Amino acid sequence: MFDGYDSCSEDTSSSSSSEESEEEAAPLPSSLPIIKNNGQVYTYPDGKSGMATCEMCGMVGVRDAFYSKTKRFCSVSCSRSYSSNSKKASILARLQVTGKPPTKKAKVLQKQPLVAKLAAYAQYQATLQNQAKTKSAVSTEGFNWGNYINSNSFIAAPVTCFKHAPMGTCWGDISENVRVEVPNTDCSLPTKVFWIAGIVKLAGYNALLRYEGFENDSGLDFWYSICGSDIHPVGWCAASGKPLVPPRTIQHKYTNWKAFLVKRLTGAKTLPPDFSQKVSESMQYPFKPCMRVEVVDKRHLCRTRVAVVESVIGGRLRLVYEESEDRTDDFWCHMHSPLIHHIGWSRSIGHRFKRSDITKKQDGHFDTPPHLFAKVKEVDQSGEWFKEGMKLEAIDPLNLSTICVATIRKVLADGFLMIGIDGSEAADGSDWFCYHATSPSIFPVGFCEINMIELTPPRGYTKLPFKWFDYLRETGSIAAPVKLFNKDVPNHGFRVGMKLEAVDLMEPRLICVATVTRIIHRLLRIHFDGWEEEYDQWVDCESPDLYPVGWCQLTGYQLQPPASQSSRESQSGSSKQKKKTKSQQYKGHKKMTTLQLKEELIDGEDYSFLQGASDQESNGSANFYIKQEP
C-alpha cells in the first residue's frame, strides 16, 4: 500500500538541496514599504511593527508577521523543527555557544516562505480595509460553502436526506475519521502526488480534510468534494502506481513515514473500492434532450402543455414549451417533479390541456416513455372519497410561504384533485391547480391550528380571527374527511438549522443557499439565506427541489449565494415581484391568532386533534391529526 511513498521519500525530504538553496523570492508588490537589513529584503506592512529574529533559522523580519503568540519563530515549520530537535540544533543556540553567525544557506532556505508570508499579511490588511470601506454582495463565483460553514459553525443536512440526489441511496457510512487519498498541495514537486487525509467534518458532499501527520493542527485543513475525481480510497495509489508523499510542512516529524502510516491506518475506515463507479452511475439520468412531456402551464396553472427537454443538469430539466419559436419560453423542474407527465396524461385523467398549434412532432423529438415519470400512490376512489366543494388547507402554489383556506373544485381520475384558494379564484378557474390526494401539500381542516402555523384566510373575509367552524357553517360547506389525507411521516433526518441548496420555486431556474427553519412532521420551512422571511417556502421533506450542500458544484449548476442588504434592495427579479404582488392581496389583515376549532359536529363526525410542537422534529409515523371513531 505504501510502496509509492518509498519511491519518493528521498526526493521529497525536508533536507535542503543545492537547487532549493538557490530559489529566489517571489517579487513583491511595489506599493509595499521595503526595509533592507544586511542585504536581505523584508516587507514592512504597516511601517510601525517591531522586528524579530527566528530562534530556529535566524531570519530577521517584521514581528507581527511571525508565527505564534510569542513571535519566536518565522513560520510553522520552524516552530515544529525547534520542538522536535534539540535546542543545540537551533541557530540561536549555536550563536550562544559558538558565537558564530548563522550560515548563508540557513538564511536563504527560509527566505522565500517568510517573504511570501509577509506579502500575504499585507494583502490581508489591505483586504480588511477594502471590506470596511465597501460592503458589496457576495458574487456567485466568490461564494464558498466551506468558508460559510466554518465561519458560522453551521451544520449541513446529510446526503442521505435526499434520496433523489446522486449517492442519496448509497452514501453508506461515510462519516468523520474516514481516510482517503487526495492530492498533496503542500508539495513543491512538479508532478501530482498524493497523501492520506482524514475527514474532520462533513457538509453534504463536501468534507473538511486534514492530512495525516498534522494531529490536532488545523492550519492546512481544506474542503474537498467526496464525489470529486481526485479523491480515492486508501490503497488506490499503491494499485495505480501513484506516489504517496507527506506534506512539506511535516516531513521533518518522522523518519519512517511508512511505519507511521501502518500504525495510523490499522483498523481505519476508507471509501468503498467502487465508490467512484457508484458516483458515476448515480449521475446517469434517463431523460434526454428532445424528449416530449406534458408539463404545467406556468401562465395558467389549471392546464398542461407539451414541452421538449432542452437540457439535463443533475436530473433537473430545462423544458421549452413546444410552441416557443425562439426557445426562450421555458420551465425548470426535476425529472421526479409532480408537475411533469407523459404525453396523454391530461386526457387520461380529465385534466385541462392546451393543444399545440404544431400538428406533428418536429424531427428528432419523441415522446418520453411513461415508466420514467415519478409514480403516485394508488388510491381507492370507490368508497368514501373527496367531493367537489369540500374544504381543506393547502399550500398556495403562487405564494409558497402561506397555507390557505382552500376548496376542492373538481375530482379527476387516478386520485388527482383540482384545488382553488378561497377568496382569490378567477371566475374561469384558470388559477386552479392540481394536487394528488396523497400530496403532502394539502391538509385537513385544523392542521395549521394544531401545529401553530398561521393560516391565511380567504381574501375579503372580515370575521377575524378566522374560525373554521364558523366558516363552514356560513358557507354551507363540509370539511374533507381527515382519513383521506396522507399521514405518512418518513424518517427524513432533517433538523432545524441545517443548511442545504434549494430551488426558489417562484423562479425555478434558481437554486439558492438555504436553511431549514421549521419542521412540522414531514413539512419543512425553507428560508433563503439573506432574504426576508416573506420569501420562505413550505416544502415536503422528499421534494426533488432540495439538494445537499455541494450539489451545484458536483453537477455544474449555478448556485445563488446568500443575498446581502444591497442586493436585496436592488434585485427586482420576477419571482420576488410575483410574490409581493400576491402578498398585496392579503394586505390589511392582522396576524391571525391561533385558530379555535370547536370539537362539535362537522359533517356529522367528531374529531380530536393531537397538539404538535411549533418546531416538531418528529421523524416517526406520527399521527398529527386523528379521527375519533364513533
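Cut-off values and rules
- Here the residue numbers are simple positions, counted from 1 along each chain's written sequence.
- Given that this is a predicted model, residues contribute local features only at a pLDDT of at least 70 and side-chain atom pairs are listed and counted only at 80 or more, while totals for whole chains, interfaces and linings are drawn from all residues.
- Excluded from the side-chain calculation are hydrogens and water; included are all heavy atoms of the structure.
- UniProt positions are given in the numbering used here, feature names are shortened, and annotations may be inferred rather than shown by experiment.
- Nonpolar core, defined: a set of buried Ala, Val, Leu, Ile, Met, Phe, Trp, Tyr and Cys residues in which side-chain atoms within 4.5 Å join the residues together.
- Relative accessibility under 20% of the residue-type maximum defines a buried residue, over 50% an exposed one, and the middle range a partly exposed one, all with a 1.4 Å probe and only protein chains included.
- Each domain's extent was defined by an automatic or database domain assignment.
- Contacts are residue-level and defined by heavy atoms, with any inter-residue pair within 4.5 Å sufficient.
- Helix and strand definitions follow DSSP, with helices as H or I runs of at least four residues and strands as E runs of at least two, each counted in order from the N terminus.
- For Phe, Tyr and Trp, where Trp contributes only its six-membered ring, two rings pair if their centres lie within 6.5 Å, and the inter-plane angle classes them as stacked under 30 degrees, edge-to-face over 60, or tilted in between.
- Any two strands are treated as partners once DSSP identifies two or more bridges connecting them.
- Angles run from 0 to 180 degrees between N-to-C directions of axes, and those axes are lines fitted to C-alpha atoms, restricted for helices to the stretch in contact.

Looking up the protein chain in an unreviewed UniProt entry gives the name MBT domain-containing protein 1 isoform X1, with the organism given as Bison bison bison. Looking at the Subcellular location (unreviewed entry) heading of the UniProt record, one finds this comment for the protein chain: "Nucleus".

Our next topic: the nonpolar core. Formed by 71 residues in total, the largest nonpolar core has its most connected members in W171, L209, I226, F275, F494 and I526. Built from parts of two domains, this core gets at least three residues from each of domain 2 (162-282) and domain 5 (498-560). The contacts of W171, once residues within four sequence positions are left out, are V159, T160, G204, Y205, I226, C227 and F275. Listed in part, the 56 residues of the second largest apolar core include V293, M390, L417 and L523.

All right, on to the environment of M335 then. By the element assignment, M335 lies in the loop between β14 (330-334) and β15 (340-341). For M335, a relative accessible area of 8% gives the class buried. Separated by 17 residues in sequence, M335 and R318 place their C-alpha atoms 9.8 Å apart. Among all residues touching M335, those that are not within four sequence positions of it are Y285, P286, F287, G315, L317 and I340.

Before going further, it helps to examine the packing of aromatic side chains. A full pass over the atoms with the stated rule returns 30 aromatic pairs. Pairing F466 with Y471 gives two aromatic rings, centres 5.2 Å apart and planes at 55°, and the pair type is tilted. For Y471, a relative accessible area of 7% translates into the label buried. An aromatic cluster is built from F143, W145, Y148 and F154, whose rings are joined through pairwise contacts.

What follows deals with the sheet that holds strand β9 (residues 222-225). The sheet built from five strands is open, its strands ordered β9-β8-β7-β6-β10 with antiparallel pairing. Two strands close off the open sheet at either side, each with one partner strand: β9 and β10 (232-233). Pairing analysis gives two bridges linking strand β6 (residues 179-183) to β10, with the strands arranged antiparallel. In the strand pairing of β10, E181 is matched with H232. Contacts between helix α6 (residues 145-152) and the sheet are confined to β7 (194-203), β8 (206-211) and β9, with β9 contributing the most and set at about 130° to the helix. Its contacts with the sheet put helix α8 (residues 257-265) on β6 and β7, and the angle it makes with β7 is roughly 30°.

Across the junction of L464 and P465, the peptide omega takes the value 0°, indicating a cis bond. You can see P465 is positioned in the loop between β23 (455-456) and α12 (468-475). For N177, which is not glycine, the phi torsion reads 80° and is therefore positive. Following the sequence through the fold, N177 ends up in the loop between β5 (155-156) and β6. In this structure N177 comes out as exposed when scored by relative accessible area, which is 54%. Even without being glycine, R327 reaches a positive phi, approximately 60°. One can find R327 in the loop between β13 (316-321) and β14. Under the relative-accessibility criterion, R327 is labelled partly exposed at 30%.

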